[in-house]
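What follows is the residue order along each chain.
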Amino acid sequence: MTDISPLDQARILSEALPHMQQYDEETIVIKYGGHAMGDEETARNFARDIVLLEQTAINPVVVHGGGPQIATMLKRLGIASEFAAGLRITDAATIEIVEMVLAGSVNKQIVGYINEAGGKAVGLSGKDGNMVKASKTTRTIIDPGSNIEKAIDLGFVGDPEKVDLTLLNQLIGYELIPVLAPLATSKEGQTLNVNADTFAGAVAGALKAKRLLLLTDVPGVLDKSKKLIPQLSVKDARKLIADGTISGGMIPKVETCIYALEQGVQGVVIIDGKMQHAVLLELFTNQGTGTLIHK
Ligand SMILES: Nc1ncnc2c1ncn2[C@@H]1O[C@H](COP(=O)(O)OP(=O)(O)O)[C@@H](O)[C@H]1O
Ligand SMILES: CC(=O)N[C@@H](CCC(=O)OP(=O)(O)O)C(=O)O
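What you see is a predicted model, and the numbers here were worked out from it, not measured in a lab.

The local shell around ligand 1 holds 18 residues, among which Gly33, Thr216, Leu222, Gly249 and Met250 are the closest. The class makeup of the residues in the shell around ligand 1 is six nonpolar, 10 polar and two charged.

The residues that UniProt annotates with the feature "domain: Aspartate/glutamate/uridylate kinase" (unreviewed entry) are residues 27–272. Annotated as residues 27–272, this span is 38% helix and 27% strand, and its ends, taken at the C-alpha atoms, are 21 Å apart.

Here we take up the UniProt feature "site: Transition state stabilizer" (unreviewed entry) in the protein. Taking the numbering used here, the UniProt-annotated feature "site: Transition state stabilizer" (unreviewed entry) corresponds to Lys31 and Lys253. The greatest C-alpha distance among the annotated residues, which extend across 223 residues, is 10.0 Å, indicating that they converge on a single site. Note on placement: Lys31 falls in strand E1 (residues 27–32). Apart from the residues within four sequence positions on either side, Lys31 is in contact with Val63, Ala196, Asp197, Ala200, Leu213, Leu214 and Leu215. Relative to the helices and strands, Lys253 is located in helix H8 (residues 250–262). For Lys253, a count of 28 C-beta atoms within 10 Å corresponds to the buried category. Those residues within four positions of Lys253 in sequence are excluded, and the remaining contacts are Asp197, Leu214, Thr216 and Ile270.

The rules behind each value
- All residue numbers refer to position in the chain's written sequence, counted from 1.
- Naming scheme: in the order in which they are written, chains are lettered from A and ligands are numbered from 1.
- Local features in this predicted model are restricted to residues of pLDDT 70 or higher, and side-chain atom pairs are both shown and tallied only at a pLDDT of 80 or more, whereas totals for entire chains, interfaces and linings draw on every residue.
- Here is the check we use: build the C-beta atom from the backbone, and if it is within 6 Å of the molecule or strand, call the residue near.
- All residues other than Ala, Val, Leu, Ile, Met, Phe, Trp, Tyr, Cys, Pro, Asp, Glu, Lys and Arg, Gly among them, are scored as polar; the first ten of these are nonpolar and the last four charged.
- UniProt positions are given in the numbering used here, feature names are shortened, and annotations may be inferred rather than shown by experiment.
- Here a helix means four or more residues in a row that DSSP labels H or I, a strand means two or more in a row labelled E, and each is numbered from the N terminus.
- A residue pair is marked as a contact if its C-beta atoms, positioned from the backbone, fall within 7 Å.
- To assign burial, the other C-beta atoms lying within 10 Å of each residue's own C-beta are counted, with C-beta atoms placed from the backbone; 20 or more indicates buried, 12 or fewer indicates exposed, and intermediate counts indicate partly exposed.

Here you go:
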């Protein structure tokens, strides 16, 4: 534990009061990226932070990723995997592994840590209770050879179309902590792999969450000289995507933030999930640590 005095501990708790009051009975969606799931200590601290939110009358909803964990399992099984437009090309063999890793091992590990910390987590995917319906993702890329735009087939990859809140509202109402793996069902009943940021944005938007926190492995959005941008308007974010400053996995993250703001989520931030107690620092102190995206 810490070596701060009991009086300082009491002061710290007291200083958190206005923050706790601000979020009283509000829903906060926390996206826990696969890269943010660092060592065991950080993961346990993350779980404690989530339980602390629940304890202070906040409704946390965790959406997790697991890209690196999927990659490890696919490699072990000798299945090659490629990305296009930041999304995993997901064939029939791959979707089986994606579901096994996301809804299986990763989901249950997070549930385990939260429950160990005294919470009551319920691990689900977007397939449960018909929570998230998605349509197959269509994307185009510019073919480098011919410079002609062509459609790419991503296989079993989806974009959320509809979020049914029945199950989530029940869980939240009973002070259970939903932990969601980013899988959805298509109209035809197929399982679709959804980018976890996109999934978190859809859930946060449907819940009209007060905050959406995206936990990743960098301090936030970085500028060209790799310096943290503490606040970023939607307009400037779009510029940084267009000029290539924001690339790769940061694109769906920032697009998710823009979507969530449009859906009425009041505050969206990208923070470093590897930092100890990143969630508490962001919500219960005056020291915002990452990038706040605003209208
Ligand atoms: N402007 C930028 N600022 C910060 N990170 C960026 C930027 N552009 C690209 N990135 C990349 O985006 C990555 C985060 O996305 P991703 O790897 O998908 O994370 P996660 O697994 O948490 O979803 C960073 O590690 C970094 O390599
Ligand atoms: C379609 C697609 O790309 N799905 C992602 C789902 C997991 C994810 O998004 O995990 P992170 O948040 O850790 O990146 C994948 O298969 O890797």
